[in-house]
Amino acid sequence: MKQQTIASCGSLRGEITVPGDKSISHRSIMLGSLASGTTLVHGFLEGEDSLATLQAFRTMGITIEELGGGQLRIEGRGLHGLQEPGDVIDCGNSGTTMRLMLGLLSGQSFFSVLSGDQYLRRRPMKRVVGPLGTMGARIWGRCDGERAPLAIQGGPLKAAAYESPIASAQVKSALMLAGLYADGETTVREPHLSRDHSERMLSYFGADVRPFDGGVTVVGGPNLTGQEVHVPGDISSAAFFMVAALITPGSELLIRNVGVNPTRSGIIDILRQMGGSIELVDSRERSGEPVADLLVRSSHLQGIEIGGALVPRAIDEFPVVSVAACFAEGTTVIRDAHELRVKETDRIAAMCDALNAVGGQVEPREDGMSICGMDQLSGGMVTSCGDHRIAMSMAVAALRSSKPITISDTGCTETSFPGFWQLLQHLAG
Ligand code: S3P
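Note that the coordinates shown come from a computational prediction; the quantities given were computed from them, not determined experimentally.

From N to C terminus, the chain includes 13 helices and 25 strands. Overall, the C-alpha framework of the chain stretches about 60 × 45 × 40 Å when taken along its three principal axes. For the chain, with 429 residues in total, the buried portion stands at 61%. The long-range fraction of contacts in the chain, counting pairs at least 24 apart against all pairs at least 6 apart in sequence, stands at 75%. Here the chain displays about 15100 Å² of accessible surface, and carbon together with sulfur accounts for 47% of that area. Between the averaged position of the 37 positive side-chain charges in the chain and that of its 47 negative side-chain charges there is a distance of 2 Å.

Next up on the list: the domain arrangement of the chain. Along its sequence, the chain is organised into domain 1 (3-20 + 232-428) and domain 2 (22-230). Taking only C-alpha atoms, the centre of domain 1 and the centre of domain 2 are 28 Å apart. Residue-level contacts link 31 residues of domain 1 with 28 residues of domain 2. Regarding the contact of domain 1 and domain 2, the summed buried area is about 2500 Å², with carbon and sulfur atoms giving 49% of it.

Moving on to the sheet that holds strand β11 (residues 161-163). Taking strand neighbours across the sheet as the criterion, the four strands line up as β11-β13-β15-β14 in an open arrangement whose pairing is mixed. Edge strands, defined here as strands with exactly one partner in the open sheet, are β11 and β14 (209-212). For this sheet, the mean angle separating the axes of adjacent strands, direction not counted, is 10 degrees. The pairing of strand β13 (residues 185-189) with strand β15 (residues 215-219) spans five bridges and is classified as antiparallel. Counted as the bridge partner of V188 is V216 from β15.

What surrounds the ligand is the set S23, R27, T96, S168, A169, Q170, R195, I315, D316 and K343. One nitrogen or oxygen atom from the side chain of K343 is found 2.7 Å from an oxygen atom belonging to the ligand. In isolation the ligand has 380 Å² of accessible area, and contact with the protein removes 95% of it. Looking at side-chain class alone, the shell around the ligand contains two nonpolar, four polar and four charged residues. Three or more residues apiece are contributed to the shell around the ligand by two domains, here domain 1 (3-20 + 232-428) and domain 2 (22-230).

Glancing now at the nonpolar core. F241, M242, I255 and M394 are the most contacted members of the largest nonpolar core, which has 79 residues in total. Looking at which element gives the most residues to this core, the answer is helix α8 (residues 235-247), with eleven residues. Residues within four places of F241 in sequence aside, it is in contact with I16, L253, I255, F417, F420, L423, L424 and L427.

Here we come to the sheet that holds strand β6 (residues 89-90). Strand order in this open sheet of four strands is β6-β7-β9-β8, and the pairing throughout is mixed. One side of each edge strand has no neighbouring strand; the edge strands of this open sheet are β6 and β8 (138-141). Relative to strand β9 (residues 147-153), strand β7 (residues 111-115) runs antiparallel, the two sharing four bridges. Considered in β9, the bridge of S112 is made with I152.

As for its placement among the helices and strands, R127 is situated in helix α4 (residues 126-134). For R127, a relative accessible area of 18% gives the class buried. Separated by 190 residues in the primary sequence, R127 and E317 have C-alpha atoms spaced 22 Å apart. Those residues in contact with R127 that lie beyond four places of it in its chain are R99, I166, V171, E339 and V342. At 2.8 Å, the side chain of R127 forms a polar contact with the side chain of E339.

In this structure's numbering, the residues bearing the UniProt feature "domain: Enolpyruvate transferase" (unreviewed entry) are residues 10-423. Counted over residues 10-423, helix gives 30% and strand 29%. Its end C-alpha atoms are 15 Å apart.

The next point concerns the packing of aromatic side chains. Tallied over the entire structure, the rule returns six aromatic pairs. Centre to centre, the rings of F417 and F420 are 5.3 Å apart; their planes meet at 70 degrees, and the pair counts as edge-to-face. The buried category is assigned to F417, whose relative accessible area is 2%. Three or more aromatic residues link up through ring pairs in this structure, and these residues are F240, F241, F417, F420 and W421.

Okay, the state of the cysteines next. Linking two cysteines covalently via their sulfur atoms produces the bond known as a disulfide. Applying the stated criterion to the full structure yields zero disulfides. With no disulfide partner, C326 has as its closest neighbouring cysteine sulfur the one in C372, 9.4 Å distant.

A few words on the environment of T413. Inspection of the secondary structure assignment puts T413 in the loop between β25 (405-408) and α13 (420-428). Residue class for T413 comes out buried when judged on its relative accessible area of 2%. Residues T413 and D387, spaced 26 residues apart in sequence, show a C-alpha to C-alpha distance of 7.6 Å. Ignoring any residue separated from it by four or fewer positions in sequence, one finds T413 in contact with H388, A391, M392, P418 and W421.

Rules and cut-offs
Residues numbered from 1 in each chain as written. Predicted model: local features only at pLDDT ≥ 70, side-chain atom pairs only at ≥ 80, totals over all residues. Heavy atoms only, no water. Helix = DSSP H or I, 4+ residues; strand = E, 2+ residues; numbered from the N terminus. Buried < 20%, exposed > 50% of the residue type's maximum accessible area, 1.4 Å probe, protein only. Contact = heavy atoms within 4.5 Å. Areas by Shrake-Rupley, 256 points an atom, 1.4 Å probe, with all protein chains shown as cover. Lys, Arg positive; Asp, Glu negative; His and termini not counted. Charge placed at Lys NZ, Arg CZ, Asp CG, Glu CD. Domains from an automatic or database assignment. Buried area = accessible area lost by both parts, 1.4 Å probe. Pairing = 2+ DSSP bridges. Axes fitted to C-alpha atoms, helices over the stretch in contact; angles between N-to-C directions. Near = heavy atom within 4 Å. Polar contact = N/O pair within 3.5 Å; in protein donor to acceptor, adjacent residues only side chain to side chain. Nonpolar A, V, L, I, M, F, W, Y, C, P; charged D, E, K, R; others polar. Core = buried A, V, L, I, M, F, W, Y, C linked by side-chain atoms within 4.5 Å. UniProt positions renumbered as here; feature names shortened; annotations may be inferred. Phe/Tyr/Trp six-rings, centres within 6.5 Å; stacked < 30°, edge-to-face > 60°. Disulfide = S-S within 2.5 Å.

Here is the structure:
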């Protein structure tokens with residue numbers, strides 16, 4: 001099993017880019033495959049999660065050429081052009097692959113089976129399987145359809161109106177993708193707005209998508225047309241370097257070409273509320289997504305309270321937010337974040353255990369955690385629990401520890417951020 005030892009360093013200075021956005025990369029493969037004609041993708045994330053989606057569509061007969069440097073050419077076959085896969089589709093560690101594909105496969109005229117690694121096979125799937133059932137989807141799985149492997153007998157679907165109890169883009173997107181195969185309008189409401197990449201990209205490919213306050217409606221049977229998609233850098237990956245620069249004295253880091261979609265940019269709001277200096281430079285739009293360069297300078301941080309609508313806007317960033325909070329003055333409280341318990345691992349338990357093991361003062365709450373700020377951590381040994389964001393967050397924590405932190409089980413960073421350790425080493429000297 002791989003491990004990494006990270007020690008504190010001098011200031012972080014210079015310019016970097018981070019790999020392509022994972023959520024947008026998944027969707028570019030899915031919509032490129034369902035569109036008629038060629039889709040060219042630039043900046044695709046060549047990480048294990050999005051490559052699992054790419055492989056899944058190849059097994060369903062789609063030609064996808066990898067041109068190198070994150071460029072893809074997808075020969076779409078239209079809404080009804082997929083073929084029955086001859087084997088189980090392996091979603092690896094990727095919840096987005098599995099949940100979105102459940103929606104999409106429900107509307108096909110063939111049978112398919114989805115599985116994944118030991119972590120994904122433990123994650124809840126009824127949140128998608130249940131509402132898809134009301135549209136007429138036929139899906140079977142372990143624990144009464146809660147856990148993968150999941151078998152899908154595709155067939156005709158009915159349009160539906162669903163009110164989701166959780167703000168989840170994976171639930172919303174699964175239903176929207178199923179809605180493409182239903183007659184009429186499918187509507188999904190959610191308690192707070194989750195990331196809207198599916199809405200944006202579906203519109204960009206020509207679907208009739210109508211967002212409204214509290215939800216979104218998609219009209220079935222669209223003609224999707226192949227497009228050129230520029231995937232911006234992933235703000236969730238940039239977040240590690242944002243926090244690294246904020247907590248390391250004397251730092252000034254420019255992170256170029258980062259997606260700053262307002263449904264994803266909660267991390268910028270949180271860190272600014274804590275007193276972090278983050279400037280958006282050269283804000284622009286590409287392929288229907290807002291993009292900017294982020295200029296981050298080391299800052300004196302203050303503890304804050306975080307909850308409500310801000311939570312889904314930063315849902316993947318709480319591990320690294322908890323690291324920033326360790327070095328803030330006073331206490332930071334994170335609430336309304338139960339969802340962290342069902343991510344790649346239980347991120348509340350994993351971050352509390354890891355930070356406390358290296359001298360932090362963190363207390364778990366049912367729906368979040370409270371973190372007492374201090375000047376330095378002490379260092380030691382921790383595990384990533386096989387979760388990429390825990391591994392990278394603890395690497396950032398090591399930058400302000402008196403002794404190094406050794407992190408075990410670090411191979412998982414390949415799912416979302418190939419090259420993370422090299423980039424960190426390069427910056428930290
Ligand atoms: C994702 C949605 C989020 C996020 C995940 C990617 C997506 O999950 O945590 O990493 O691409 O739609 P939920 O929608 O379940 O919160």
